[in-house]
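Okay, here's what each chain looks like letter by letter:
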Amino acid sequence: ARMRRDYPMIVLKVMHAGMVRLEEFLIDGRADIALLSELSRSRLVVSSRLGEEEMVLVTRPGARPAGAVSGAELRQTPLILGDGLRAALDALLAGHGIELRVEIEINDHETIRLMVQQGVGASILPHSSVSNEVASGRLEAHRITETGIFRTLALGVRASRNASQAREAVARTIAHAVSEMEEEG
């Protein structure tokens, strides 16, 4: 809504994809800008850190006691994850000595949320992607370890592409939205 209001002449096409595919879209020109779930390691993509996003264990209400999830508990929890999210979490959790017990792999966050609501299993998702369901009582979100697990959000562009005014406007709007999200928790 903010983009339409502030920049009515900019036409957006929003695509949802994993980190590797988003980098490919930037490199081959299918996308001008991408919101990435980590800083890019590709020399063909320039990325800048926008902020952090907490990853939480998501369960149906009452499935576990309130409070943080220990590493030992997380290792024993049957999870529903997508392969891209699983790879990102493996990297985030590597320093904690936590190996995940993934029982179902599905590459669709909406389906994962619905399966968790039905009690099929638990998942680990970005808090921002389940905040509405948590607020309405359809899901519960639990911090992973006492200090939490956070992923980096970054803005990516193709290294060899010149910046346009439209791309810069979109970048500012995304950065502002991520900043607001961090402030709200």
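Residues numbered from 1 in each chain as written. Predicted model: local features only at pLDDT ≥ 70, side-chain atom pairs only at ≥ 80, totals over all residues. Heavy atoms only, no water.

Draft legend 1. Layout of the pattern of salt bridges. Counted under the stated rule, the structure contains 14 salt bridges. In this structure, the salt-bridge partner of E168 is R167, at a minimum N-O distance of 3.7 Å. Judged by relative accessible area, which is 10%, R167 ranks as buried. Through salt bridges with shared partners, one network takes in E110, R113 and E133. (Salt bridge = Lys/Arg side-chain N within 4 Å of Asp/Glu carboxyl O. Buried < 20%, exposed > 50% of the residue type's maximum accessible area, 1.4 Å probe, protein only.)

Draft legend 2. Just the environment of L79, in detail. Position of L79 relative to the elements: it lies in strand β3 (residues 78-81). Not counting residues within four places of it along the chain, the set of residues in contact with L79 comprises L57, L100, R101, V102, E103, I104, A122, S123 and I124. (Helix = DSSP H or I, 4+ residues; strand = E, 2+ residues; numbered from the N terminus. Contact = heavy atoms within 4.5 Å.)

Draft legend 3. Quick peek at helix α7 (residues 165-184). Between the first and last C-alpha of α7 there are 29 Å, a value that for 20 residues agrees with the 28 Å anticipated at 1.5 Å per step. Burial in α7 covers these residues: R167, A169, V170, A171, T173 and V178. Structurally, α7 contributes buried residues whose contacts are with α1 (2-6), β1 (34-36), β2 (45-59) and β7 (149-158). (Expected span 1.5 Å × (residues − 1).)

Draft legend 4. Representation of the environment of S70 in the model. Within the secondary structure, S70 sits in the loop between β2 and α3 (71-76). Here the alpha-carbon distance between S70 and R143, two residues 73 residues apart in the chain, equals 9.0 Å.

Draft legend 5. Spotlight on the side chain of S40. Relative to the helices and strands, S40 is located in the loop between β1 and β2. On the accessibility criterion, S40 (13% relative accessible area) is buried. Within the structure, S40 has its side chain in polar contact with the backbone nitrogen of S42 (distance 3.1 Å). Each residue touching S40, except ones within four places of it in the same chain, is listed here: M19, E23, V45 and S47. (Polar contact = N/O pair within 3.5 Å; in protein donor to acceptor, adjacent residues only side chain to side chain.)

Draft legend 6. Region of the structure containing unusual backbone geometry. Backbone geometry at T145 places phi at a positive 65°, although glycine is not the residue there. If you trace the backbone, T145 turns up in the loop between β6 (140-143) and β7. For T145, a relative accessible area of 15% translates into the label buried.

Draft legend 7. The arrangement of helix α4 (residues 83-93) in detail. Buried within α4 are the following residues: L85, L89 and L93. Angular distribution of buried residues about the axis of α4 spans 60°; they occupy a single face of the element. Those residues of α4 that are buried are in contact with β2, α3, β3, α5 (109-117), β5 (123-126) and β7. (Arc of directions from axis to C-beta.)

Draft legend 8. Representation of the nonpolar core. In terms of nonpolar packing, the biggest core is built from 26 residues, with L57, L74, L81, L89, L100 and I124 touching the most fellow members. The set of elements that each furnish at least two residues to this core consists of β2, β3, α4, α5 and β5. Tallying contributions element by element places β2 first for this core, with 4 residues. Counting 10 residues, the second largest nonpolar core, distinct from the first, contains A31, A34, L36 and A154. (Core = buried A, V, L, I, M, F, W, Y, C linked by side-chain atoms within 4.5 Å.)

Remember that the coordinates give geometry; whether it matters functionally is a separate question.
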